[in-house]
Amino acid sequence: MKTTLNKTWAKILKSEFEKDYFKELKCRVDDLYLKKTCYPLKENIFSSFRNCTFNSLKVVILGQDPYHGVNQANGLAFSVNKAQNLPPSLKNIFTEISSDTNTTLRNNGDLIDWSKQGVLLLNSVLTVEDGKPGSHSKIGWERFTDEVIRIISKKKSNIVFMLWGGFAKKKEKLIFDNNHLILKSGHPSPLSANRGFWFGNKHFSRCNRFLKENNSNEIKW
């Protein structure tokens, strides 16, 4: 496992990478990728940290673990490789964006453009085995990504945290009060969205309004 990430993150996370638990995690992931089919591609495990620099960071969107289907996951939470069919959750995200911001419905599921604008698309677990959602939970990723959230909340100010669903909402306890905006709603998955817990949350316009009020460029969703 290569920690291929932007140099700004490399500096911030250097001490974390040197801890024993992370060294053990690295060995475990290398072994899993050797023996099983896992996603995303090894070079994309840290894609979220490669495309969104620490200095440009404005928004954190938290996911759970990568998509577990062939050629879907690209290392960014909720994002899929270009030309892939949109997963149901991503369809619902795009539907809410279109309604909330009065824009054309997006059909490109590769969210690298968000990442480059300062949106950290962070899964709690960064790898998964083919066809087995949640298979790489409890191997050490949560400790690492929880620390990432703590670091962001302490070292940055005026960050928008989007917490969708029960799993993500539990991460609120990791966020220190540093003038951040925490937006919470149900998950965009059909089960939650169709029960009225997702649509109409207006997270995307609320995010941009907060960024504008704090002299930051809005995100082009």
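Residues numbered from 1 in each chain as written. Predicted model: local features only at pLDDT ≥ 70, side-chain atom pairs only at ≥ 80, totals over all residues. Heavy atoms only, no water.

Enquirer: Got a minute to help me understand the overall build of the protein chain in this structure?
Expert: Per the secondary structure count, the protein chain includes nine helices and six strands. Here the C-alpha atoms of the protein chain give a radius of gyration of 17 Å, agreeing with the 17 Å that 2.2 N^0.38 yields for 221 residues. Principal-axis analysis of the C-alpha atoms places the extent of the protein chain at approximately 45 × 35 × 25 Å. Burial status across the protein chain gives 54% buried among its 221 residues. Looking at the protein chain alone, contacts between residues at least 24 apart form 65% of all its contacts between residues at least 6 apart. (Helix = DSSP H or I, 4+ residues; strand = E, 2+ residues; numbered from the N terminus. Rg over C-alpha atoms; globule rule 2.2 N^0.38 Å. Buried < 20%, exposed > 50% of the residue type's maximum accessible area, 1.4 Å probe, protein only. Contact = heavy atoms within 4.5 Å.)

Enquirer: Just to check I follow, could you spell out unusual backbone geometry for this structure?
Expert: Glycine aside, residues mostly have negative phi angles, and peptide bonds mostly take the trans form. Omega for the peptide link from Tyr-39 to Pro-40 comes to -5°, which places this bond in the cis form. Along the chain, the position of Pro-40 falls in the loop between β1 (38-39) and α3 (47-51). Within the chain, Asn-71 stands out as a residue other than glycine whose phi angle is a positive 60°. Position of Asn-71 relative to the elements: it lies in the loop between β2 (59-63) and α4 (88-101). A positive phi angle is found at Asn-215, which is not glycine, with a value near 60°. Positionally, Asn-215 belongs in the segment after α9 (203-213).

Enquirer: I would appreciate a short explanation of the packing of helix α1 (residues 7-17) against helix α6 (residues 141-155) in the present structure.
Expert: The axes of two packed helices give the description: the angle between them and the distance between them. Where α1 contacts α6, the two axes come as close as 11 Å, and the packing angle between them is 130°. Between α1 and α6, the angle is such that the two are oblique. Judged by the sense of rotation from one axis to the other, the crossing of α1 with α6 is right-handed. Counted together, Trp-9, Ile-12, Leu-13, Glu-16 and Phe-17 of α1 and Phe-144, Glu-147, Val-148, Ile-151, Ile-152 and Lys-155 of α6 form the full contact between these two elements. Broken down by class, the residue content of the contact of α1 with α6 amounts to eight nonpolar, no polar and three charged. (Axes fitted to C-alpha atoms, helices over the stretch in contact; angles between N-to-C directions. Parallel < 35°, antiparallel > 145°, perpendicular 65-115°, else oblique. Left-handed = near helix turned anticlockwise from the far one by under 90°. Nonpolar A, V, L, I, M, F, W, Y, C, P; charged D, E, K, R; others polar.)

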